[in-house]
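These are the residues of each chain, in order.
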Amino acid sequence: MLARVLSWIEWEHLALVALVWVLLTAGSLAIVLRIVLALPEDYFEVDQPPLTSWTATRIARNGAGVMLIAVGAVLSLPDVPGQGVLTILVGLFLVDFPRRQQLERALARRPAVLPALNRLRVRFNRAPLPPLPSQRSDPR
């Protein structure tokens, strides 16, 4: 059975799969970088009011967010290289749903997520995002 499957797969198929994988990875990283750099410095500190009207831009933004969440979920699987949680967080930035800000803040509180966001921001001369309340050092 395995021999039949392996005989069906040609090198062109493997090259095409590798090319698609590289393009999707590069595209998701470019989108993540663009969104992380566009975040205002006080994004996690200020509550944003919910939007009430649906426009074509908002629908497209929500569609892109759902796609990033799906890609992030795949990247979070074991043995799949990539920044899964960071990609999910950036997808959540784009999607509108109740309690989104609480979920974003919970993900940003994970040990490696906010430092990764800030490394990207500092690398491109943007101000780092301040630590969330549970991440600030205790003054006692």
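Please refer to the structure placed before this passage.
Rules used throughout
- Residues numbered from 1 in each chain as written.
- Predicted model: local features only at pLDDT ≥ 70, side-chain atom pairs only at ≥ 80, totals over all residues.
- Heavy atoms only, no water.
- Helix = DSSP H or I, 4+ residues; strand = E, 2+ residues; numbered from the N terminus.
- Buried < 20%, exposed > 50% of the residue type's maximum accessible area, 1.4 Å probe, protein only.
- Contact = heavy atoms within 4.5 Å.
- Areas by Shrake-Rupley, 256 points an atom, 1.4 Å probe, with all protein chains shown as cover.
- Axes fitted to C-alpha atoms, helices over the stretch in contact; angles between N-to-C directions.
- Parallel < 35°, antiparallel > 145°, perpendicular 65-115°, else oblique.
- Left-handed = near helix turned anticlockwise from the far one by under 90°.
- Nonpolar A, V, L, I, M, F, W, Y, C, P; charged D, E, K, R; others polar.
- 1 Å grid on protein atoms, 1.4 Å probe; cavity = no way out; pocket = protein on both sides within 12 Å on 5 of 7 lines; lining within 4 Å.
- Points joined across faces, edges and corners; volume = space filled by probe spheres on them.

**Some words on the overall build of the protein chain**
Within the protein chain, the regular secondary structure consists of six helices and zero strands. Going residue by residue from the N terminus, the α and β elements of the protein chain occur as α-α-α-α-α-α. Across the 140 residues that make up the protein chain, the buried fraction comes to 29%. The contacts in the protein chain between residues at least 6 apart in sequence include a share of 61% that link residues at least 24 apart. A total of about 9800 Å² of accessible surface is found on the protein chain, and carbon and sulfur atoms cover 68% of it.

**Points about the packing of helix H2 (residues 11–38) against helix H4 (residues 84–94)**
In the contact formed by H2 and H4, the axes pass within 10 Å of each other and the chain directions differ by 60°. Relative to H4, the element H2 lies oblique. You can see that H2 and H4 cross each other, and the crossing is left-handed. Residues Val-32, Ile-35 and Val-36 of H2 form the contact with H4, whose own contacting residues are Leu-86, Thr-87, Val-90, Phe-93 and Leu-94. Of the residues assigned to the contact of H2 with H4, the class counts are seven nonpolar, one polar and no charged.

**Brief notes about H4**
The buried count for H4 comes to ten of eleven residues, which makes it a mostly enclosed element. Taken as a whole, H4 has its buried residues at Gly-84, Leu-86, Thr-87, Ile-88, Leu-89, Val-90, Gly-91, Leu-92, Phe-93 and Leu-94.

**Notes on the layout of surface pockets**
The volume enclosed by the second largest pocket comes to roughly 290 Å³. Every residue lining the second largest pocket is counted, 16 residues in all, and those nearest its centre are Gln-83, Leu-86, Ala-112, Ala-116 and Arg-119. Looking at the lining of the second largest pocket, the elements that each hand over two or more residues are H2, H4 and helix H6 (113–123). A per-element tally of the lining of the second largest pocket places H6 first, with four residues.

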